[in-house]
Amino acid sequence: MLYKLFMHLRTVDPGFDVFRYITFRTVLSVLTALGISFILGPWVIGRLKTAQPGNYVREYLPEGHVLKADVPTMGGLLILLAIFFSTLLWADLSNRMVWVVLITFAGFGGLGLVDDMMKLYGKKRKGLSIRSKFSLQLLMALIVALYLYFYPSSKWGHHLQLPFFKEALVNLGWFYIPFVVLVIIGTSNGVNLTDGLDGLAIGPIMFASSAFALLIYLSGHARFAEYLQIVFVPEAGELATFAGAMVGASLGFLWFNTYPAQVFMGDIGSLSLGAALGLLAVVSKHEALLVLAGGLFVLETLSVIIQIISFRLFGKRVFLMAPLHHHFEKKGWPEPQIIVRFWIISIILVLVSLSTLKVR
Ligand code: 57M
């Protein structure tokens, strides 16, 4: 909203020209989201705490989780609020990709909200069935994929860009549609699975969205894209303000979600943040890099897949408990140690993903 205003004001005072720059607005977006989280955080958490009957701690969770029964969930509301407000304030709202991401983000957030409410207030306190949750995710991701297939963000819209190789592009044709669906749903559920220890999901979300703020900016800048030999996506740059808002909101949320957590994000946070991260990768044509930048979510998801396959085929578990963080809990690692070590792995993977920009 302010972008249009400042663009108008710059005809009056050239000082306002600074707001033309995406980099400057991205920094403001980070700070705005952070400020909103800090200012509204205590109030939102207080309201959630009085409104909620307490978390249902699953019987198979490691014992330490019983202590978390009083921690309110749905703190993702704060994250959504901070990201929406900052993006609406600092992005150029005439850019259609900003709306594609905002609407998808809201859609997955809405699904998470329903699931959280059913877990808290539903008769069985079970949330949506896996089937309904997956069908709704599929439907939303399919709508986005079809839109991007028919109205691509660049002339290489249906191509997959491969890291480590110069100008390596694979034309996916119509297969681009299920591919986009897989990226969005996979990331959304990967973040959800990871969200099982204090700060475990929000830290890597912050690291990955910082990487994507940079990747998106570079992809949307004709000269940088040409220099780095990456696909130029004219409409992508503006999404750096959204990615910046994700960074600020995550950092602000971490203040309250760090061990020992005062609030959990709930599915409203994990499903929406995951879907948004996946979509940022799709729009900026860095889907393959997401496997590295969001590598921790991939590892956690793989651990569940391996565990299920191994149990079904051989009747044996590979991990003491999946997802992976539960395995280390069962091994007796203290919670903060698991969290910080997983963050370190996530930071390393983000750095490796960024290094591929030059290693080509
Ligand atoms: C996410 N939710 C947390 C909180 C958070 C198909 C199957 C693989 C699904 C999977 C699953 O249910 N995943 C859902 C787990 C819960 O946190 C809430 O949920 C939100 C995120 N969705 O924001 O509101 C609990 O996690 C703890 N927590 C923290 N700090 C945080 O900041 O401590 C969360 C956030 C909270 C709190 O205790 O109450 C949860 O764990 O319930 N299911 C599984 O992953 C199950 N795995 C399993 O059964 N493994 C089997 C096979 C199937 C692979 C095996 O290993 O043999 C695990 N699910 C859970 N616990 N819940 C098993 C252990």
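About the criteria used
Residues numbered from 1 in each chain as written. Predicted model: local features only at pLDDT ≥ 70, side-chain atom pairs only at ≥ 80, totals over all residues. Heavy atoms only, no water. Helix = DSSP H or I, 4+ residues; strand = E, 2+ residues; numbered from the N terminus. Buried < 20%, exposed > 50% of the residue type's maximum accessible area, 1.4 Å probe, protein only. Contact = heavy atoms within 4.5 Å. Core = buried A, V, L, I, M, F, W, Y, C linked by side-chain atoms within 4.5 Å. Expected span 1.5 Å × (residues − 1). Salt bridge = Lys/Arg side-chain N within 4 Å of Asp/Glu carboxyl O. Phe/Tyr/Trp six-rings, centres within 6.5 Å; stacked < 30°, edge-to-face > 60°. Lys NZ or Arg CZ within 6 Å of the ring centre and 35° of its normal. Polar contact = N/O pair within 3.5 Å; in protein donor to acceptor, adjacent residues only side chain to side chain.

Participant: In this structure, what is going on with the overall build of the protein chain? I would like to understand it.
Facilitator: What the protein chain contains, in helices and strands, is 14 helices and 2 strands. Summarising its shape, the C-alpha atoms of the protein chain cover approximately 60 × 45 × 35 Å along the three principal directions. Classification of the 360 residues of the protein chain by burial places 52% in the buried group. If you take every contact in the protein chain between residues at least 6 apart in sequence, the share linking residues at least 24 apart comes to 74%.

Participant: Got a minute to help me understand the nonpolar core in this structure?
Facilitator: Looking at soluble globular proteins, one finds that nonpolar side chains tend to be buried together. Counting residues in each nonpolar core, the largest one holds 94 residues, and the members touching the most others are Ile-83, Leu-239, Phe-242, Met-246, Leu-273 and Leu-279. In terms of residues, this core owes the most to one element, helix H7 (residues 202-219), which gives 11 residues. Beyond its immediate sequence surroundings of up to four residues, Ile-83 is in contact with Phe-105, Phe-242, Ala-245, Met-246, Ala-249 and Leu-273. In terms of nonpolar packing, the next biggest core, distinct from the first, is built from 7 residues, Tyr-3, Phe-6, Met-7 and Trp-90 among them.

Participant: Explain helix H10 (residues 266-283) here, please?
Facilitator: Because the α-helix completes a turn every 3.6 residues, residues three or four places apart line up on one side. With 18 residues, H10 ought to run about 26 Å at 1.5 Å a step, and its terminal C-alpha atoms sit 26 Å apart, in line with that. A positive phi of about 65 degrees marks Lys-285, the residue just after H10.

Participant: Can you walk me through the pattern of salt bridges in this structure?
Facilitator: Where charged atoms of side chains with opposite charge meet at close range, the side chains can pair. In total, this model carries 12 salt bridges according to the counting rule given. The shortest N-O distance in the salt bridge between Asp-115 and Lys-133 comes to 2.9 Å. With Asp-115 in helix H4 (residues 96-121) and Lys-133 in helix H5 (residues 130-150), the pair connects residues that are 18 residues apart, well separated along the chain. Salt-bridge contacts for Lys-119 lead to Asp-267; the nearest nitrogen and oxygen are separated by 3.5 Å. With Lys-119 in helix H4 and Asp-267 in helix H10, this residue pair connects regions lying 148 residues apart in the sequence. With a relative accessible area of 6%, Asp-267 lands in the buried category. Beyond isolated ion pairs, a larger network of salt bridges with shared partners links Asp-115, Lys-119, Lys-133 and Asp-267.

Participant: I'm lost on the environment of Arg-317 in this one. Help?
Facilitator: Structurally, the position occupied by Arg-317 is in the loop between helix H12 (295-314) and helix H13 (324-330). The exposure class of Arg-317 is exposed, given its relative accessible area of 55%. Counting along the chain gives 11 residues from Arg-317 to Ile-306, while the straight-line C-alpha distance between them is 8.7 Å. When near neighbours in sequence (up to four residues on either side) are disregarded, Arg-317 contacts Gln-307, Ser-310 and Phe-311.

Participant: Can you walk me through the side chain of Ser-188 in this structure?
Facilitator: Within the element layout of this structure, Ser-188 appears in helix H6 (residues 176-194). On the basis of relative accessible area, Ser-188 is assigned to the buried category, the value being 0%. Every residue in contact with Ser-188, bar those within four places of it in the chain, is listed here: Phe-108, Gln-137, Ser-270, Leu-271, Gly-274 and Ala-275.

Participant: Any chance you could explain the packing of aromatic side chains here in plain terms?
Facilitator: Going through the model one piece at a time under the given rule, you end up with 16 aromatic pairs. An aromatic cluster of at least three residues, connected via ring pairs, comprises Phe-6, Phe-16, Phe-19, Phe-24 and Trp-90. The residue whose ring lies beneath Arg-317 is Phe-311, and the NZ or CZ to ring-centre distance is 4.5 Å. The ring of Trp-333 has Arg-341 sitting right over it, with the charged end atom 4.8 Å from the ring centre.

Participant: Sorry, what's going on with the side chain of His-326 here?
Facilitator: Within the element layout of this structure, His-326 appears in helix H13. Residue His-326 is classed as buried on the basis of its relative accessible area of 8%. Reaching out from His-326, the side chain makes a polar contact with the side chain of Glu-329 at a distance of 3.0 Å.

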